Amino acid sequence: MSTAMLVLMQQLGGPERVALVLRDVFGFGYAEIAEVLESSQASVRQTVHRARERVRSGVPRNPPDKAEHRAAVERFLQAALTGQIQALLEVLAPDVVLHSDGGGIVSAARRPVYGQEKVAALLLGLAAKFGADAAPEFVELNGLPAVAFREDGTVTTVFQLERQDGLVTGVYAMRNPDKLLRLQ
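This structure is a prediction, so every number in the text was calculated from the model and none was measured. (Residues numbered from 1 in each chain as written. Predicted model: local features only at pLDDT ≥ 70, side-chain atom pairs only at ≥ 80, totals over all residues. Heavy atoms only, no water.)

Mapping Arg182 onto the fold places it in the segment after strand E6 (167-174). Assessed through its relative accessible area of 60%, Arg182 is described here as exposed. Distance from Arg182 to Val155, taken between C-alpha atoms, is 9.7 Å for residues 27 residues apart in sequence. (Helix = DSSP H or I, 4+ residues; strand = E, 2+ residues; numbered from the N terminus. Buried < 20%, exposed > 50% of the residue type's maximum accessible area, 1.4 Å probe, protein only.)

See below:
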């Protein structure tokens, strides 16, 4: 039984594993888990739901191919920066979630943004505001291609994408300057 549980848990990423174990094994409430993961309760509910689905499906969590992931990031970036709403909607999963972290230091969405249309609208709004001056560069973050944006030579934002079945299911916008120091 212990080995079977370990095999199942290997299908999950770190936050999914933590959320699922705290919720289903120890009975923690969503508010408590959100505090541990420094996330919102709604985001934790979605994380637990996805973790349960992944465990039920029995599909192993394999790291994405870097070249394939970079191509997906490029399509996402091209669609967002050129204002191609249809192209952007085609790469976003219907239940996509955008998380941003400004650390209370710089502006960022305070709560996760849920849904294809809302995430697309936010991204297109940001692209319209900063797109002309945007100078994206590819960086590697957590072993996968990500996109960094600089202002006056300083990295101010990094976008990391999570994909499943060819669609973007998560967009993580890091704006917290303290967490971007290693990319400078």
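This paragraph deals with the layout of surface pockets. The calculated volume of the second largest pocket comes to roughly 580 Å³. Lining the second largest pocket are 30 residues, and of these Leu126, Phe130, Thr157, Phe159 and Arg175 sit closest to its centre. Taken together, the elements giving at least two residues each to the lining of the second largest pocket come down to helix H5 (66-81), strand E1 (92-101), helix H7 (116-130), strand E4 (144-151) and strand E5 (154-164). Class assignment of the residues belonging to the lining of the second largest pocket gives a composition of 20 nonpolar, 5 polar and 5 charged. (1 Å grid on protein atoms, 1.4 Å probe; cavity = no way out; pocket = protein on both sides within 12 Å on 5 of 7 lines; lining within 4 Å. Points joined across faces, edges and corners; volume = space filled by probe spheres on them. Nonpolar A, V, L, I, M, F, W, Y, C, P; charged D, E, K, R; others polar.)

For the structure shown, the criterion picks out 1 aromatic pair. Judged by centre distance (6.0 Å) and plane angle (90°), the rings of Phe149 and Phe159 are edge-to-face. A residue pair is termed long-range when its members are at least 10 positions apart, and Phe149 in strand E4 and Phe159 in strand E5 qualify at 10 residues. Take Phe149 and Phe159: they sit in the same class, and that class is buried. Sitting over the ring of Tyr30, Arg23 keeps its end group 4.1 Å from the ring centre. The side chain of Arg70 reaches across the aromatic face of Phe138, ending 3.8 Å from its centre. (Phe/Tyr/Trp six-rings, centres within 6.5 Å; stacked < 30°, edge-to-face > 60°. Lys NZ or Arg CZ within 6 Å of the ring centre and 35° of its normal.)

Before going further, it helps to spend a moment on the packing of helix H2 (residues 14-25) against helix H3 (residues 30-37). With their axes 10 Å apart at the nearest point, H2 and H3 run at an angle of 150° to one another. Considering their axes alone, H2 and H3 lie roughly antiparallel with respect to each other. Read as a crossing pair, H2 and H3 show a hand that is right-handed. Within the contact between the two elements, H2 uses Pro15, Val18, Ala19, Leu22 and Arg23 and H3 uses Tyr30, Ile33, Val36 and Leu37. In the contact of H2 with H3, the residues fall into 8 nonpolar, no polar and 1 charged. (Axes fitted to C-alpha atoms, helices over the stretch in contact; angles between N-to-C directions. Parallel < 35°, antiparallel > 145°, perpendicular 65-115°, else oblique. Left-handed = near helix turned anticlockwise from the far one by under 90°. Contact = heavy atoms within 4.5 Å.)

This part is about the sheet that holds strand E2 (residues 113-114). The 6 strands lie next to each other as E2-E1-E6-E5-E4-E3, forming an open sheet whose pairing is mixed. Of all strands in the sheet, those bounded by a partner on one side alone are E2 and strand E3 (136-141). Against the sheet, H5 touches E1, E3, E4, E5 and E6, its axis set at about 35° to E4. (Pairing = 2+ DSSP bridges.)

Take the nonpolar core next. In terms of nonpolar packing, the biggest core is built from 23 residues, with Phe76, Leu88, Leu92, Val119, Leu123 and Val171 touching the most fellow members. Counting residues per element, the ones that place at least two in this core are H5, helix H6 (85-91), E1, H7, E4, E5 and E6. Top contributing element to this core by residue count: H5, with 5 residues. Apart from residues no more than four positions distant in its own chain, Val119 is found in contact with Leu92, Val96, Leu98 and Val113. In this structure, Tyr30, Ile33, Val44 and Ala51 belong to the second largest nonpolar core, which totals 10 residues. (Core = buried A, V, L, I, M, F, W, Y, C linked by side-chain atoms within 4.5 Å.)

Note that Ile85 resides in helix H6. A relative accessible area of 43% means that Ile85 is categorised as partly exposed. In this structure, the C-alpha to C-alpha distance between Ile85 and Ala120, residues 35 residues apart in sequence, is 7.1 Å.

Moving on, we come to the confidence of the model for the protein. Overall, the predicted model of the protein reaches an average pLDDT of 83, with 88% of residues at or above 70. Mean pLDDT in the protein bottoms out at helix H1 (residues 2-9), which sits at 59, and peaks at H6, which reaches 92. (pLDDT = per-residue confidence, 0-100.)

Attention shifts here to the pattern of salt bridges. Scanning the model with the defined rule gives 8 salt bridges in all. For Arg163, the salt bridge identified is with Glu68, shortest N-O distance 3.1 Å. Here Arg163 is found in strand E5, whereas its partner Glu68 is found in helix H5, with 95 residues between them in sequence. For Glu137, the salt bridge goes to Arg150, with nearest N and O atoms at 2.6 Å. Here Glu137 is found in strand E3, whereas its partner Arg150 is found in strand E4, with 13 residues between them in sequence. Taking the relative accessible area as the measure of exposure, Glu137 reaches 29% and is therefore partly exposed. (Salt bridge = Lys/Arg side-chain N within 4 Å of Asp/Glu carboxyl O.)

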